[in-house]
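Okay, here's what each chain looks like letter by letter:
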Amino acid sequence: MGEIEITAAGVCLTASGLDGHRQSHVGWYLSPLLGWLADNWHALLHEERYSWPSKTVGPAAIACRRALGWIAADDPNGEENWCNAQAWYGRHGIRFAATGGIFPDLFVRRFADDIELSWSGLPAEFSPPGLAFESAAGQLRLPVMAVAKPLWRTLCWAAEHIPPEHAEHAGFRSDVAALQGKIQLLRDSTAPPERTYFGAGLFDRVRESFEQIGRLDLFDHGSRPDDVPCIEEFSPAVAMFGGVEPTLDGADVTSMRDAMVDAFGGADGSDLASLVHERAEEPLGVPHQDGDRFATELLEDLGLLNAHQPVDVRHICERLEVRVDTTDFNTDSIRGIAFAGVGFAPRIVVNRTHPFNDNESGMRFTIAHELCHVLFDRTRARRVSHASGPWAPPGVEKRANAFAAYLLMPRGLVHSSIRTNRIDDHELRRLATALHVNESALIEHLHNLDIIDDADRVRLRHRVWESRRHPPAPV
């Protein structure tokens, strides 16, 4: 038996109250918790992606709890997704290790070069009526070592300090010996923690690809503290390939590798550097609101906020010395790639195979999307090597989409370009042509600006869908 208190950024996550009595700690059997922490060390500090399909922009406490509640008898994928979510919960949810104790519903996972802590505020099973944790629901993103060091020191302290009154207790000594063995395995292990960030299969293929051209410096040189077995900052290649489809084929691995090598060795231009410095370490808030604010601020900084003509995103990139290239990957899951920051010449790569990029309007939107990553999504290593696709964090991608929409379709320009009181099919086509955007993106943006209502949104979506199914015959 013992007591443990968890405080993060001034928030005591273990503080609870019952019948007017408050305590800041949790008291229960701690050997299961300590053993679980050692067993899942690399998952807690290096695994970011969920093991089930998720578009949830909220933190793990929301996404995992939602996934665990979705199973349905008539859903052919429901049981598999539930099992995957349950296994992920077993690696990241501290309450999984409570073994009957009243622990907070706290989740720990990697998020780029941060650690995300999130908690639901849900009461534990078998809680006494009225008992509640003070912290309710919330989330934090902290530097990796701000989380890893206290956890590692806790493990090591518990393994080294045996209370004299328990020194001869066989069960206690067995628990301590098991914990000591797990800690030693973590110290001695030569297995790369980055493998946990990648997911199955891709790690070895990507590393071999960089080794073939003698550029393992881009892959292996993540920041590793000497006294804690974890990766503080991922290398550029790990950061990029850790966010792509695990089954990516060899040709695409080579193409992405070559794009990174080509961008490596440069630096931000002065205009871009000043914009990034002003917005260093922007927190990830509500994606739609963040995208709106970031785009508006950028247009204002560039003197384009009150423009009366379409926003030329390619010219903005030229002005900021961000190179834009196009390529054809085999996969259509990657929309684009962004490089910038320490060690990189800023560069955007657009994948023409992605269905969104089959015309200039779509490519303009993708360029704007990647520009958001260049400006706002740098890690604590002050760089970005990001591939946009379904495996990237949903909140980051939705913020970049919102940024692109507000950058290419500023409120003032949209309102001044509308010629009718109601957006019908003809006006939608005319407006999309005038703004140089595709109709699907325009529909969503008009809805977000409250220019069209839900019914108009559905009607216009259907019209666009029908036009794609039955395009007009050539004249």
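Coordinates for the structure precede this section.
Quick caveat: nothing in here was measured; it's all calculated off a predicted structure.

## Remarks on the overall build of the protein chain
Stage number 1. Scanning the protein chain from N- to C-terminus turns up 20 helices and 14 strands.
Stage number 2. A compact globule built from 475 residues would reach a C-alpha radius of gyration of about 23 Å, and the protein chain, at 25 Å, matches this within 12%.
Stage number 3. Counting only C-alpha atoms, the protein chain reaches 90 × 55 × 45 Å along its principal axes.
Stage number 4. Counting across all 475 residues of the protein chain, residues that qualify as buried make up 49%.
Stage number 5. By element, 53% of the accessible surface of the protein chain is carried by carbon and sulfur atoms, the whole surface being about 22,400 Å².
Stage number 6. Charge separation in the protein chain, taken as the distance between the mean sites of 47 positive and 67 negative side-chain charges, equals 3 Å.

## Side note on helix α8 (residues 202-212)
Think of an α-helix as turning once every 3.6 residues; residues three or four places apart then point the same way.
Stage number 1. Restricting attention to buried positions, one finds in α8 the residues Leu 202, Phe 203, Val 206, Ser 209 and Phe 210. Looking straight down α8, one finds that the buried residues subtend no more than 135° of arc, so they occupy a single side.
Stage number 2. On the buried face of α8, the contacting elements are α7 (194-198), α9 (217-220), α10 (236-241) and α11 (250-263).
Stage number 3. One or two steps after α8, the chain reaches Gly 214, where phi turns positive at roughly 70°.

## A short note on the sheet that holds strand β7 (residues 106-111)
Stage number 1. Pairing is antiparallel in the open sheet, where three strands are placed in the order β7-β8-β10. Each of the sheet's edge strands pairs with one partner strand only, and the pair in question is β7 and β10 (138-143). Geometrically, the sheet is characterised by an average inter-axis angle of 20° between neighbouring strands, direction not taken into account.
Stage number 2. In the packing of helix α5 (residues 144-160) onto the sheet, the strands contacted are β7, β8 (114-119) and β10, and the crossing angle to β10 comes to about 90°.

## With respect to the packing of helix α3 (residues 60-68) against helix α4 (residues 78-92)
Stage number 1. Relative orientation of the contacting elements α3 and α4 amounts to 140°, with a least axis distance of 8 Å. Regarding the angle of α3 to α4, the classification is oblique. Where α3 crosses over α4, the handedness of that crossing is left-handed. When α3 is examined against α4, the residues Ala 60, Cys 64, Arg 65, Ala 67 and Leu 68 are found in contact with a partner set consisting of Trp 82, Ala 85, Gln 86, Trp 88 and Tyr 89.
Stage number 2. For the contact of α3 with α4, the residue count by class is eight nonpolar, one polar and one charged.

## Re the pairing of strand β14 (residues 383-388)
Stage number 1. Among the six residues of β14, six are classified as buried, and the element is accordingly described as predominantly covered.
Stage number 2. Side-chain alternation along β14 places Arg 383, Ser 385 and Ala 387 on one buried face and Val 384, His 386 and Ser 388 on a second face that is also buried.
Stage number 3. With six bridges connecting them, strand β12 (residues 336-341) and β14 associate as antiparallel partners. Among the inter-strand pairings, Ile 337 is bridged to a residue of β14, identified as Ala 387.

## Focus: the environment of Arg 195
Stage number 1. The residue Arg 195 is located in helix α7 in this model.
Stage number 2. Overall, the relative accessible area of 37% leaves Arg 195 in the partly exposed class.
Stage number 3. On a C-alpha basis, the gap between Arg 195 and Asp 328 in space is 27 Å, while along the polypeptide they are 133 residues apart.

## Some remarks on the nonpolar core
Stage number 1. Counting residues in each nonpolar core, the largest one holds 53 residues, and the members touching the most others are Leu 371, Leu 375, Phe 403, Leu 407, Met 409 and Leu 442.
Stage number 2. The greatest single-element share of this core, amounting to nine residues, is contributed by helix α15 (residues 360-376).
Stage number 3. Formed by 39 residues, the second largest nonpolar core is a distinct cluster that contains Leu 45, Val 147, Ala 159 and Ile 183.

## Things to note about the pattern of salt bridges
A side chain of one charge can pair with a side chain of the opposite charge if their charged atoms are brought near each other.
Stage number 1. Counted according to the given criterion, the structure contains 32 salt bridges.
Stage number 2. A salt bridge links Asp 258 to Arg 257; its shortest N-O distance comes to 2.8 Å.
Stage number 3. The partner of Glu 360 in a salt bridge is Arg 314, with the nearest N and O atoms 3.0 Å apart. Here the residue Glu 360 occupies a position in helix α15, and Arg 314 occupies one in helix α14 (residues 313-319), the gap between them amounting to 46 residues.
Stage number 4. On the basis of relative accessibility, which here comes to 38%, the residue Glu 360 falls in the partly exposed class.
Stage number 5. Beyond isolated ion pairs, a larger network of salt bridges with shared partners links Asp 290, Arg 293, Glu 297, Asp 377 and Arg 399.

Calculation criteria
Residues numbered from 1 in each chain as written. Predicted model: local features only at pLDDT ≥ 70, side-chain atom pairs only at ≥ 80, totals over all residues. Heavy atoms only, no water. Helix = DSSP H or I, 4+ residues; strand = E, 2+ residues; numbered from the N terminus. Rg over C-alpha atoms; globule rule 2.2 N^0.38 Å. Buried < 20%, exposed > 50% of the residue type's maximum accessible area, 1.4 Å probe, protein only. Areas by Shrake-Rupley, 256 points an atom, 1.4 Å probe, with all protein chains shown as cover. Lys, Arg positive; Asp, Glu negative; His and termini not counted. Charge placed at Lys NZ, Arg CZ, Asp CG, Glu CD. Arc of directions from axis to C-beta. Contact = heavy atoms within 4.5 Å. Pairing = 2+ DSSP bridges. Axes fitted to C-alpha atoms, helices over the stretch in contact; angles between N-to-C directions. Parallel < 35°, antiparallel > 145°, perpendicular 65-115°, else oblique. Left-handed = near helix turned anticlockwise from the far one by under 90°. Nonpolar A, V, L, I, M, F, W, Y, C, P; charged D, E, K, R; others polar. Core = buried A, V, L, I, M, F, W, Y, C linked by side-chain atoms within 4.5 Å. Salt bridge = Lys/Arg side-chain N within 4 Å of Asp/Glu carboxyl O.

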